[in-house]
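# Structure at a glance
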Amino acid sequence: MSKKMLPVQMFTPGAFRENAIVLGEKLVKQWKIPTDRPLQLAFGSFRQEITVIAAAKTRGLRISEPLAHRMGLFSRPVLRATYNSSSRTLRLGPLISVLISRDNPDQPDKPFGSISMFCRELVNACRKQGAYVYFFTPDHIQEGSNSIHGWVYDDGWRQTAMPIADVINNRLTTRKMENKPSVQYFMKEVKSRYGAHVFNERFLDKNEVFDTLKADSSLAKFMPESHLLSGLTILKKMCSQYPVVFLKPIRGSLGKGIIRIARQPDGTYQTLATSTGGARRQVYPSITKLFAGISGKMKTTRFQIQQGLTLIDHGKRPIDFRALVQKNGMGNWNVTSIVARIAGGNHFVSNLARGGTLSTVKDAVSKCMLPSEVKNTAYVKLHRASLDIARGIDNLIPAHFGELGIDLAMDSSGKIWMLEVNSKPSKNDNTPLNEQKIRPSVKRLLEYCCYLSGF
C-alpha cells in the first residue's frame, strides 16, 4: 500500500460540501481513487463518509474546517496518507496519544509538569514526520465514548475532543493510577474495539523480572542472586552467603526504600537506608534483631533481597549504568543511549534523584582501577547485555513494551550484572527545548509508533 505525506489545508464551507475532500489530480490517478462515489475517511477511531474532488494544481489535501475540527485537527498539519482500494478507505495518520498521570490547566506554559518539554518535543517531531499527537490523563477517559478530551498543541496548549488514537503510549507514573478499573477497562476496550496498540502497558515487578530472566540460561549470567524476602530463613541464608545484600522494594523506583545490609567483622549487621538527606545508618547485634527491625516495613512493602556486588567506583562512589533500549521503525530493539551514573557523596545508590551525576561510559570507566582490555570493551559488553535483556523481557513477559530503561553494573573483574528494568523510563526535562533538534530517543519513539500503526 502506497503512503504519502500530505500538507492539510482547511477551507470554509461554501466552496465545497462539508464532507468533500480535495486531492491533487495526480495522486487521485496514481492511487485510482474514485471521485464518483462515497469513500470512507479514517483518522484513528474517527470514521466519516466523504467524496473526493480531484483538483489539477492541488499538491496536498484540502478539508472543510468543520470536518477538520470534528477530527481534532487545527492549524495546518502534515499527515501521512494511505488508500485501501478494497475497503475504499482513505486513512490519515498516524494518530498517537500519550497517557500521562496529571495535567494542570492553570499553567498553560507547563501543563504537564516536569514532562511538559518532552511533550512539546514529541509534538515538534510529529510535525516534521507527518504524525499527530495528543496527551490525556485517566480523568479524560469516559467509559463507552469513542473520543477523548485530550490536549493538542496549536500555538499553545488547548483541549479538544480527539478520536481514539492508532497508538497509545502509557506514561502513567504510578501503579495505583495504572490499576484503576477505568484505566484497565479503557486499555482492553481500545485494543479490542478499535485495534489500537498500547505499549509500555504496565509496570514491571522486580521479582517477576528476576525470576523470569534467570530461568533463561542465556540471561542467567547477568542476574545477581535474588529472592522474594519471605521471612527470616531467606535473610539468614543470603546474609551468611554474601558480606553485603540489598533489600529493594519490588515496586519501588528512584532508589526509594532501598536498604543495604553489611555483615561486620564482629558479627553485627549494619544497615544503610536511602533517605532524602543521605543514608540512614543503624547497627543490629544479630540477624534476628535485624529481622525484627525491618519486619515492620515488610508489613506494608514487599522486598526483593539481592546479592551485593563489588561495583566499580570513582573515589569510593559506586558507578552503574542506565541503558535506554527502544524499538525502532522495524519493530526491533535498539540501544538508544547508555550513560554512567556516579553515586552522590553521601549515598550508596546512583539515582539522579539521590544526588547522582551522569557521565559517559568511556569517562566513567577511565577513572576506575580496571585493566585496559576491560575498559576498552566496557561499552560493547553493556550494549550487548542491554539488547539481550530487552529481547528476553519481550519474549518471556506477557505484555507489550516499546522502550525499557535497563540498569546495569560492572564489577571489579569487568563482569556485567543486571540491577533493574524500568518499563517507564524517565522523560523529565533535562535539556533545553530546541525546535530544530529532536533527541534520538524521541525520534525512535515516533518511528516505533509509525511502525505499529502501519504508517
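- As annotated in an unreviewed UniProt entry, the protein carries the name YheC/YheD family protein and comes from Paenibacillus dokdonensis.

## A short note on the overall build of the protein
- When you go through the protein residue by residue, the secondary structure sums to 11 helices and 25 strands.
- Counting only C-alpha atoms, the protein reaches 90 × 45 × 40 Å along its principal axes.
- Taken over 455 residues, the protein has a buried fraction of 54%.
- Entry remark: accessible area of the protein is about 21000 Å², with carbon and sulfur atoms responsible for 49%.
- For the protein, the centre of its 65 positive side-chain charges and the centre of its 36 negative side-chain charges are spaced 3 Å apart.

## Focus on the nonpolar core
- The biggest cluster of nonpolar side chains holds 46 residues, and the ones touching the most others in it are Leu23, Leu41 and Ile168.
- Setting aside its immediate chain neighbours within four residues, Leu23 contacts Leu6, Val28, Ile33, Val52, Ile53, Ala54, Ala55, Thr58, Gly60, Leu61 and Leu90.

## With respect to the packing of helix H7 (residues 232-241) against helix H8 (residues 287-298)
- Relative to each other, H7 and H8 sit at 125°, their axes nearing to 10 Å. As judged from the angle between their axes, H7 and H8 are oblique. Crossing hand, H7 versus H8: right-handed. Within the contact between the two elements, H7 uses Leu232, Leu235, Lys236 and Cys239 and H8 uses Ile287, Thr288, Leu290, Phe291 and Ile294.
- Residues of the contact of H7 with H8, tallied by class, amount to 7 nonpolar, 1 polar and 1 charged.

## Points about the sheet that holds strand S5 (residues 61-64)
- On the basis of which strands lie adjacent, the closed barrel formed by 7 strands has the order S1-S5-S2-S4-S3-S7-S6 and mixed pairing. The sheet shows a mean angle of 40° between the axes of neighbouring strands, direction not considered.
- As judged from the 4 bridges shared by strand S3 (residues 39-43) and strand S7 (residues 89-93), these two strands associate in the parallel manner. Its bridge partner lying in S7, Phe43 is registered against Leu92.

## As for unusual backbone geometry
- The linkage connecting Gly93 with the following residue, Pro94, adopts the cis geometry, with an omega of -5°.
- Relative to the helices and strands, Pro94 resides in the loop between S7 and strand S8 (95-99).
- Phi is positive for Arg88, which is not a glycine, with a value near 45°.
- Mapped onto the fold, Arg88 is located in the loop between strand S6 (78-84) and S7.
- Positive phi, normally seen in glycine, also occurs at Lys316, with a value near 65°.
- Note that Lys316 resides in the loop between strand S20 (313-314) and strand S21 (317-327).

## Description of the pairing of S21
- Along S21, 9 of the 11 residues are buried, which leaves the element largely enclosed by surrounding structure.
- As judged from the 2 bridges shared by S20 and S21, these two strands associate in the antiparallel manner. Directly across from His314, in S21, lies its bridge partner Arg317.
- Counting the residues that bridge the hairpin from S20 to S21 gives 2 residues, and of these Gly315 lies at a positive phi of roughly 60°.
- Relative to strand S22 (residues 333-342), S21 runs antiparallel, the two being bridged by 9 bridges.

## Considerations on the packing of helix H3 (residues 116-129) against helix H11 (residues 440-453)
- Where H3 meets H11, the closest approach of the two axes is 10 Å, and the angle between their N-to-C directions is 55°. Judged on the interaxial angle alone, H11 and H3 are oblique. For the pair H3 and H11, the crossing hand works out as right-handed. Taking contact as the criterion, the partners of Phe118, Glu121, Leu122, Ala125, Cys126 and Gln129 in H3 are, on H11, Val442, Leu445 and Leu446.

## So, H11
- Its 14 residues place the ends of H11 20 Å apart at the C-alpha level, agreeing with the 20 Å of an ideal helix rising 1.5 Å per residue.
- For H11, the buried fraction is high: 10 of the 14 residues fall into the buried class.
- Two residues or fewer past H11, Gly454 is found with a positive phi of approximately 85°.

What counts and how
- Residues numbered from 1 in each chain as written.
- Predicted model: local features only at pLDDT ≥ 70, side-chain atom pairs only at ≥ 80, totals over all residues.
- Heavy atoms only, no water.
- Helix = DSSP H or I, 4+ residues; strand = E, 2+ residues; numbered from the N terminus.
- Buried < 20%, exposed > 50% of the residue type's maximum accessible area, 1.4 Å probe, protein only.
- Areas by Shrake-Rupley, 256 points an atom, 1.4 Å probe, with all protein chains shown as cover.
- Lys, Arg positive; Asp, Glu negative; His and termini not counted.
- Charge placed at Lys NZ, Arg CZ, Asp CG, Glu CD.
- Core = buried A, V, L, I, M, F, W, Y, C linked by side-chain atoms within 4.5 Å.
- Contact = heavy atoms within 4.5 Å.
- Axes fitted to C-alpha atoms, helices over the stretch in contact; angles between N-to-C directions.
- Parallel < 35°, antiparallel > 145°, perpendicular 65-115°, else oblique.
- Left-handed = near helix turned anticlockwise from the far one by under 90°.
- Nonpolar A, V, L, I, M, F, W, Y, C, P; charged D, E, K, R; others polar.
- Pairing = 2+ DSSP bridges.
- Expected span 1.5 Å × (residues − 1).

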